Amino acid sequence: MPRSTIESTVEQPRPRSARGEGDQLRTDLLDAAADLIAEHGSVDGISLRAIARRTGVSPTAVYRHFSDHTELLQTAVRHCWDNFLRVLEHACSGDGDAFDAFERCGVGYADFALQYPGQYRVMFSHHIEIEAETSIVANSTFLILVDLVQQMLLALDDGRSTHIVAVQVHTWIHGIVGLSSAHPDVEWPPIHDQLLGLGEALGLVRPS
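Residues numbered from 1 in each chain as written. Predicted model: local features only at pLDDT ≥ 70, side-chain atom pairs only at ≥ 80, totals over all residues. Heavy atoms only, no water.

*Asks:* Whenever I open this one, the pattern of salt bridges confuses me. Can you help?
*Replies:* A pair can form between side chains of opposite charge whenever their charged atoms are brought close. For the structure on display, the rule yields six salt bridges. Of the charged contacts, one joins glutamate 39 and arginine 54 as a salt bridge, the two residues approaching to 3.1 Å between their closest N and O atoms. Pair noted here: glutamate 39 is in helix H2 (residues 22–40) and arginine 54 is in helix H3 (residues 48–55), with a separation of 15 residues, a long-range link. A relative accessible area of 30% means that arginine 54 is categorised as partly exposed. The shortest N-O distance in the salt bridge between arginine 206 and aspartate 100 comes to 2.9 Å. On the criterion of sequence distance, the pair formed by arginine 206 in the segment after helix H10 (191–201) and aspartate 100 in helix H6 (residues 98–115) is long-range, its members being 106 residues apart. Accessibility expressed as a relative area gives 41% for arginine 206, which makes it partly exposed. Among the charged side chains, a network of salt bridges with common partners joins Arg78, Asp82 and Glu133. (Salt bridge = Lys/Arg side-chain N within 4 Å of Asp/Glu carboxyl O. Helix = DSSP H or I, 4+ residues; strand = E, 2+ residues; numbered from the N terminus. Buried < 20%, exposed > 50% of the residue type's maximum accessible area, 1.4 Å probe, protein only.)

*Asks:* I would appreciate a short explanation of the packing of helix H5 (residues 69–92) against helix H8 (residues 132–155) in the present structure.
*Replies:* Two quantities define a packed helix pair, namely the angle between the axes and the distance from one axis to the other. Contact geometry for H5 and H8: axes closest at 9 Å, N-to-C directions at 20°. Judged by the inter-axis angle, H5 sits roughly parallel to H8. Crossing geometry of H5 relative to H8 is assigned as left-handed. Contacts between H5 and H8 involve Gln74, Val77, Arg78, Trp81, Asp82, Phe84, Leu85, Leu88, Glu89 and Cys92 from the first element and Glu133, Thr134, Val137, Ala138, Ser140, Thr141, Ile144 and Leu148 from the second. Grouping the constituent residues of the contact of H5 with H8 by class yields ten nonpolar, four polar and four charged. (Axes fitted to C-alpha atoms, helices over the stretch in contact; angles between N-to-C directions. Parallel < 35°, antiparallel > 145°, perpendicular 65-115°, else oblique. Left-handed = near helix turned anticlockwise from the far one by under 90°. Contact = heavy atoms within 4.5 Å. Nonpolar A, V, L, I, M, F, W, Y, C, P; charged D, E, K, R; others polar.)

Take a look at the structure:
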């Protein structure tokens, strides 16, 4: 094999991190691991060396942040959920009532899924087992939705099951972003319009 071909398959070396930039390398390693998990569909067969190569560092550099390969992969899955949780928490922290927060959360959810499709696939892949601590974070993201739905149903004096309506909302949004990602060439209606339609169809509209 020609030398140029061999070199083209190797990631360019990453410049040595300056003092205080170690946290950025840790984040980059987690992002690279998440991308590889998403590409493979599972954690099986993903080596520490492959993650290091994707990040542009030596395998030795990885051990400065993670004790072993297993810890890195488990933390990568948690990293995806942590990022998603921060997006939803930020959406809920703005002004307005539960209806406003619900709209912002829907947009935040869709934006995250479309901007970080690898991380989104990792989160919702049935081939990837998650640890108990990660499961708590994942559950927290759903509880944000449950809380918003509960507040809206109370404002509407609607006696429907909060849990069932929250599940309906989640499956609907999941379907929107899933189809948009799988078929990007289709001229889908704008995400915002679809989310408004979701609220109207499920009766989650601010009372006049």
